[in-house]
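# Secondary and tertiary structure notes
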Amino acid sequence: MTKKVLVAMSGGVDSSVAAYLLKEQGYEVVGAHMKLWDYVEVGGDIYKDGRCCTIDSITDCRVVCDAIDAPFYVLNMSRHFRDTVIEDFISEYDKGRTPNPCIQCNSNVKWTEFLRKAEELGCDYIATGHYSFVEKNENGRCCIRKGVDVTRDQSYVLWGVSQDALSKTLMPLGGLLKKEVREIAHKYNLRTADKAESREICFVLDDDYHRFLIEMAEKNGKSYEPGEIVHTDGRVLGQHKGTAFYTIGQRKGMGISYPTPLYVQVIDIEKNQVIVGDNDTLFKSELIADSLNWIAVEPQARPFGALVKIRYLHEPSEATVIPQVDGSVRIVFKDSQRAITPGQSVVFYDGDILLGGGLIVR
Amino acid sequence: MKPIYLDHNATTPVDSEVVDAMLPYLTQYFGNASSAHNFGRDAKVALENARESVASHINCQPSELYFTSGGTESDNIAILGTAQKYKNKKNHLLVGATEHPAILEPAEYLHNKHDFKVGIIPVDKDGFISADTLNELLTDKTFLTSIMLANNETGTIQNLVPLIKAAHAKDALFHTDAVQAIGKIKVDVKALDVDLLSLTAHKIYGPKGIGALFIKEGVRLEPLFYGGSHEKKRRPGTENVAGAVGLAKTLEIAQAAMDDDFKKLTELSDYFILKVQALLPDVYLNGPKRNRVPQTVNLSFQGVEGESLLLGLDLKGVAVSSGSACTSGATEPSHVLQAMGIDKVISQGAIRFSMGRSTTKEQLDYLISVLPEVVNRLRELSPIYNK
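Everything numeric here is computed off the predicted structure, so don't read it as measured data.

## A look at the interface of chain B and chain A
Reports often express the size of an interface as the amount of accessible area lost when the parts come together. On the chain A side, the residues contacting the 14 residues of chain B number 14 residues. Secondary-structure elements contributing two or more residues to the side of chain B that touches chain A are α9 (306–315) and α12 (361–381) of chain B. In terms of residues, the side of chain B that touches chain A owes the most to one element, α9 of chain B, which gives 6 residues. Split into classes, the residues belonging to the side of chain B that touches chain A amount to 5 nonpolar, 6 polar and 3 charged.

Here is the structure:
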């Protein structure tokens, strides 16, 4: 019997081509756009184009689905998105951490709620336009392997997906280069062929997350507390506008004149202080991570070597991952790493295979 | 199986007789109805004949009938036009809780941007408003009360006469959005004694983009548009002659078919509700059993999300709706069902089946045959349904 797949369509070229390829491969394709937020809720520049969840993007999805003769639906998941992703985004900053909402969205919206919708629609799979391979390995686990186009690798944001969800996931773009995807889109006249891609946080339309946090706080009758900016040697150098507006390694926007460049070292929410210092002291050779999820391997109890990535744009570095009795891991890098940031994800690879990941605690 | 269309409250196909009536006014008699020459005169005569025909359908004078682009525009002229006229004397507007966004959003705009006071009139569990409730809300500052005749989501037919009497007793104007009533039930502006009434063609087998606003002789309002003397300056813009002819023809056909349609659709909707409730547990009718336009059947399937059921039925070839049609295609919880005090979980599982002249018992039987499969699958997957 023909397998039925619900394709997550953002309105961009990648998911358009993913839907097209699956149709070509003989799947019964249903397209769906997740409506995650509304302008009224998130504010920002409503005329800025090219994002998902805008009427124009939805129209693009519709036209592409019509061209490949697939039904298309808009699924309203805004309540779910607000309760998980946006709430987490705000509360992580409150805790002095730097969140990555794309990971929350993947783990708690796409591969949970969207998957549930797919099952409701009688679909066997969901599919996305990620440049990765989803494969079953010898131990029976579903794993994610980096795609052919390493410049588009998004495996970093996929570490939180459960095994059950992965077993129902198709990623048809793993074997393609972005250039080839655009060529396919052109060849078959998909109207999203030349659409620019968006990489910033989708619900912060003007890319100004300070503005977003302030507006959301105002709506909830809260405000951010100013406090001291303190040098690692203990001297108070100035005032900050609220710890949420700073992230580890940040240099700009401090408003302090100082003979040498200053970088945020630590965010201390207990004392409501932002600690700054030299670039040298930003380098650390260890981190602790929790909230682990294992992809290609069973949960590990013994130390193992891996390539470890600590932020989206970070070159994976050699390290030893040391599982702790409480379920967290200690990671010791061969070479020390700059600006290890609590709240960001740490992801372990064996070559191009995603082993698992977690959230950096410290 | 041919796809089955059960979303007639969203829109309808244009009757071929209506198309035939309109065609000459798109090609042969293309003139601008405001032109002085022969071409213009032909168009003008057709326009005025259409006006007379539509006016007679609702029992008003042709001079009281103004063509517009449809329900939304008529509603906006009624709300914003009277607000503009009365703003120096009166600043209070009353609207029903279950009104269409074409009423609620202009009201919200007046409140947010122009400091008008807007009162929302609550409804009972079936969507009805009592004269007592309205009386308590009316003040000597109320310039307009707007309550729809038939509801787009539930079909509830409001008993307007006592409400209009109450508004008039407080010297307030009364507007009704009759978009979902016109052509389905008798609408008589004199019997109602209403001041303003909105109607449109495309819900009753007419074309999109044409409607009308009845403005009772003597009622004053400001236009929204400026740029000509068309429609006595109340709605400038080159007249949509073909549309007006189409609207007139639409109402003429509706008038002739009204009693038969009502009888046939009442039987079909009763049959459908009975069958579905016999086949599936925990299915509730939203809105009244009677005093409802029978075209509209709004059912809640407990434990199921309306959106999921809509998509599941679409994949089975049945087109329904889970609220009013929306640009994004995403569904929001229905403000109508919430206003009726229907439990949130139950209102989430609401589906609007809206039947039409082409709906047959065979189509409903097909729907009845696929519904249990879809509903049961969704209930199986539902975290909230108590199996």
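## Overview of the nonpolar core
One recurring pattern in soluble globular proteins: nonpolar side chains tend to sit buried together. Membership of the largest hydrophobic core comes to 204 residues, with the highest contact counts inside it found for V5, V7, A19, L22 and L354 of chain A together with F214 and V245 of chain B. In terms of residue count, helix α8 (residues 241–279) of chain B provides more of this core than any other element does, 11 residues in total. If near-sequence neighbours (up to four positions away) are discounted, A19 of chain A is found in contact with V7, M9, V29, G31, V64, C65, I68 and A70 of chain A.

## Some remarks on unusual backbone geometry
Of note in the backbone geometry, D69 of chain A takes a positive phi value of approximately 55° without being a glycine. Note on placement: D69 of chain A falls in the loop between α3 (55–67) and β3 (72–76). For D69 of chain A, a count of 8 C-beta atoms within 10 Å translates into the label exposed. Even without being a glycine, K232 of chain B presents a positive backbone phi close to 50°. By the secondary structure assignment, K232 of chain B is in the loop between β8 (211–215) and α8. Using a count of 11 C-beta atoms within 10 Å as the deciding quantity, one classes K232 of chain B as exposed.

## Examining the sheet that holds strand β6 (residues 173–177) of chain B
One key point about sheets: their strands pair by backbone hydrogen bonds, in either a parallel or an antiparallel sense. Residue and element names in this part refer to chain B. With respect to topology, 7 strands assemble into an open sheet ordered β2-β8-β7-β6-β5-β3-β4, the strand pairing being mixed. Of all the strands in the sheet, the pair left with one neighbour each is β2 (65–68) and β4 (117–121). On average, each strand axis in the sheet is inclined to that of its neighbour by 20°, with strand direction left out of account. Both β2 and β8 contribute to a ladder of 4 bridges, which runs antiparallel. Within the sheet, the bridge partner assigned to F67 lies in β8 and is A212. On the sheet, helix α4 (residues 101–114) packs against β3 (92–96), β4, β5 (142–146) and β6 and is oriented at approximately 155° with respect to β3.

## A short note on the pairing of strand β5 (residues 132–136) of chain A
Residue and element names in this part refer to chain A. As paired strands, β5 and strand β6 (residues 142–146) are joined by 5 bridges and run antiparallel to one another. Bridging across to β6, K136 finds its partner in C142. Linking β5 back to β6 in an antiparallel pair, the connection comprises 5 residues, with G140 at a positive phi of about 85°.

## Quick look at helix α4 (residues 78–94) of chain A
Residue and element names in this part refer to chain A. In a regular helix each residue adds 1.5 Å, so 17 residues correspond to 24 Å; α4 covers 22 Å between its end C-alpha atoms and thus fits that length. E87 marks the point of greatest bend in α4, at about 30°. One or two positions beyond α4, positive phi appears at G96, with a value near 80°.

Rules of the game
- Residues numbered from 1 in each chain as written.
- Chains lettered and ligands numbered in written order.
- Predicted model: local features only at pLDDT ≥ 70, side-chain atom pairs only at ≥ 80, totals over all residues.
- Contact = placed C-beta atoms within 7 Å.
- Helix = DSSP H or I, 4+ residues; strand = E, 2+ residues; numbered from the N terminus.
- Nonpolar A, V, L, I, M, F, W, Y, C, P; charged D, E, K, R; others polar.
- Core = buried A, V, L, I, M, F, W, Y, C linked by C-beta atoms within 7 Å.
- Buried ≥ 20, exposed ≤ 12 C-beta atoms within 10 Å, placed from the backbone.
- Pairing = 2+ DSSP bridges.
- Axes fitted to C-alpha atoms, helices over the stretch in contact; angles between N-to-C directions.
- Expected span 1.5 Å × (residues − 1).
- Bend = angle between axes of the 7 residues up to and from the residue.

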